[in-house]
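Each chain, letter by letter, is given below.
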Amino acid sequence: MTAKLPMEAGMSPDQRIAGFELERMRLKRLAYRMLGSLSEADDVVQDAWIRWAGVQEGVDVPGAYLTRIVTRLCLDRLKSARARRETYIGPWLPEPMLNSADPYDDIADDVTVTLMLAMERLSPLERAAFLLHDVFDVPLTDVALTLDRDPAAVRQLASRARKNVRNERVRYRLDASEADGIARAFFTAARDGDTTALAHMLADDVEIHADGGGKVMAFRNIVRGITNVLKLFANVRRKNLPPQTLVQTALIDGMPGYISCYPDGSIGTTALDVAAGRINAIYVVRNPEKLGHLAKEHSL
C-alpha cells in the first residue's frame, strides 16, 4: 500500500524529500518487477526523483503520484528492453535480487523468477496492470489513471495477464531453514556431480536456465528433462573440473538458492523453483553485468 502524506498547495524541501523517501524502496521494487533489471530500476527511481523535485503543485498522495511516474518511465524503457532481448545470447533471466532479511520490510511480494519469466509473455500494459493491481494492491481506478485507460479496459488487461501467468504464482512456500537446507543439499550434489542425490531432488520435467549473456560460459539453450540434466552433472564428475565454492545461501526472488564462486574468480547465483518437495527449475545467472551489485557487496 502507498503511504499517505497530505500536502498543502506547496511542498517544503523537507516534505518533498520525506514524501519520496517513504516510497523509494517500493518504487524500486516496482521498477525491478517491470524491467527485470536492478540497475535500470535504480535509474528509473532517480529519474522519478528528478521529476518529483520539479513538481510545483500540491500532491495529496505522493505514493500514488510517484507510482504513476515510475510506471510510465518503465513502460517507455520496456520498448527498448524487449528489442535488446530479441538479440540476447542464450536464455535471458532477470537480475537476481536477494530478499531482505529485515522483518520490518513490508514491500516483499510473491513474485519469483518463474513468474517474472512468465510476465515476459505479457504486453507492457498487461504487465503493468497485473503488477500494479494484483501484486502491489493499487486500486483499479488508480491503475486506470496511471495507464491512461478507462477502468473497464484495465480490468480486461489485468484479467488477461492473470490467466497467462496463473500457473506460475507461488505454489509452495518454504521457511528459511528448509530453504537453506535445500540450497545446501543441491549445491553439494551439483558440485560433486552426485547424480544419485540429484535424482531424488529433481522433478522429471526439470529445466536448467543459464544466463551468461555471451559474456561467460553458459548453456545456450534451456536444458529440459531429468535425463538430460543428470547427464550434465555426470559430466562434471567425469571431467574432474575444479569445484565452485559456496559464498552464501539466500532467498533469490523468493526462491531457495545460493551465490557461488567459480574457479576463475567469477560469481554466479542459482535459484531453485521447488514444489511438492522437488526442484522443477534451476535458474543460473552468470552474466557479470547482472551480478555487479553482489560482487561489490561480497568484495568478489
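Cut-offs applied
Residues numbered from 1 in each chain as written. Predicted model: local features only at pLDDT ≥ 70, side-chain atom pairs only at ≥ 80, totals over all residues. Heavy atoms only, no water. Helix = DSSP H or I, 4+ residues; strand = E, 2+ residues; numbered from the N terminus. Rg over C-alpha atoms; globule rule 2.2 N^0.38 Å. Buried < 20%, exposed > 50% of the residue type's maximum accessible area, 1.4 Å probe, protein only. Contact = heavy atoms within 4.5 Å. Areas by Shrake-Rupley, 256 points an atom, 1.4 Å probe, with all protein chains shown as cover. Lys, Arg positive; Asp, Glu negative; His and termini not counted. Charge placed at Lys NZ, Arg CZ, Asp CG, Glu CD. Pairing = 2+ DSSP bridges. Axes fitted to C-alpha atoms, helices over the stretch in contact; angles between N-to-C directions. Salt bridge = Lys/Arg side-chain N within 4 Å of Asp/Glu carboxyl O. Parallel < 35°, antiparallel > 145°, perpendicular 65-115°, else oblique. Left-handed = near helix turned anticlockwise from the far one by under 90°. Nonpolar A, V, L, I, M, F, W, Y, C, P; charged D, E, K, R; others polar. Polar contact = N/O pair within 3.5 Å; in protein donor to acceptor, adjacent residues only side chain to side chain.

*Asks:* Explain the overall build of the protein to me, and be specific about the residues and the numbers.
*Replies:* For the protein, the helix and strand inventory stands at 12 helices and six strands. For 300 residues, the compact-globule estimate of 2.2 N^0.38 gives 19 Å, and the C-alpha radius of gyration of the protein, at 21 Å, lies within 12% of that figure. Structurally, the protein occupies a C-alpha span of about 70 × 40 × 40 Å along its principal axes. A total of 300 residues make up the protein; the buried ones form 48% of that total. Considering only contacts within the protein whose residues lie at least 6 apart along the sequence, 67% involve residues at least 24 apart. Approximately 14900 Å² of the protein is accessible, and the part contributed by carbon and sulfur atoms is 52%. The average position of the 39 basic charges and that of the 40 acidic charges among the side chains of the protein differ by 6 Å.

*Asks:* Tell me about the sheet that holds strand β6 (residues 278-285), and name the residues and values.
*Replies:* With mixed pairing, the six strands of this open sheet are ordered in space as β2-β1-β6-β5-β4-β3. Only two strands of the sheet have a single neighbouring strand rather than two, namely β2 (223-224) and β3 (245-252). In this structure, strand β5 (residues 267-275) lies alongside β6, joined through seven bridges in antiparallel fashion. Bridge pairing links L272 to I282 in β6. Seen against the sheet, helix α11 (residues 226-239) touches β1 (202-211) and β2 and runs at an angle of roughly 60 degrees to β1.

*Asks:* Can you break down the pattern of salt bridges residue by residue, with the values?
*Replies:* Under the criterion given, the structure shown has 17 salt bridges. With its nearest N and O atoms 2.6 Å apart, the salt bridge here joins R162 to D134. Taken together, the positions of R162 in helix α8 (residues 151-165) and D134 in helix α6 (residues 124-135) put the pair 28 residues apart, joining distant regions of the chain. The partner of R184 in a salt bridge is D180, with the nearest N and O atoms 3.0 Å apart. Residue R184 and its partner D180 are both found in helix α9 (residues 176-192); the two are separated by four residues, about one turn of the helix.

*Asks:* Tell me what's going on with the packing of α6 against helix α7 (residues 140-147), and back it up with residues and numbers.
*Replies:* Packed helices, taken two at a time, are described by the angle between their axes plus the distance between the axes. It is at 10 Å that the axes of α6 and α7 come closest, and there the two elements cross at 150 degrees. On the basis of the axis angle, α6 is roughly antiparallel to α7. Handedness of the crossing formed by α6 with α7: right-handed. Between α6, through L125, A128, A129, L132 and H133, and α7, the contact on the second element is made entirely by L140, V143, T146 and L147. Across the contact of α6 with α7, the residue classes break down as seven nonpolar, two polar and no charged.

*Asks:* For the pairing of β3, give the residues involved together with the corresponding values.
*Replies:* Across seven bridges, the pairing between β3 and strand β4 (residues 255-261) is antiparallel. The residue of β4 that forms the bridge with L246 is S260. Counted between consecutive antiparallel strands, the loop separating β3 from β4 contains two residues, among which D253 sits at a positive phi close to 50 degrees.

*Asks:* So what about the environment of H293? Which residues, and what values?
*Replies:* Mapped onto the secondary structure, H293 falls in helix α12 (residues 292-297). For H293, a relative accessible area of 31% corresponds to the partly exposed category. Residues H293 and R224 lie 69 residues apart in sequence; the distance between their C-alpha atoms is 30 Å. Sequence-distant contacts of H293, that is, excluding residues within four places in its chain, are made with L38, E95 and P96. Within the structure, the side chain of H293 is placed 3.0 Å from the backbone oxygen of P96, a separation counted as a polar contact.

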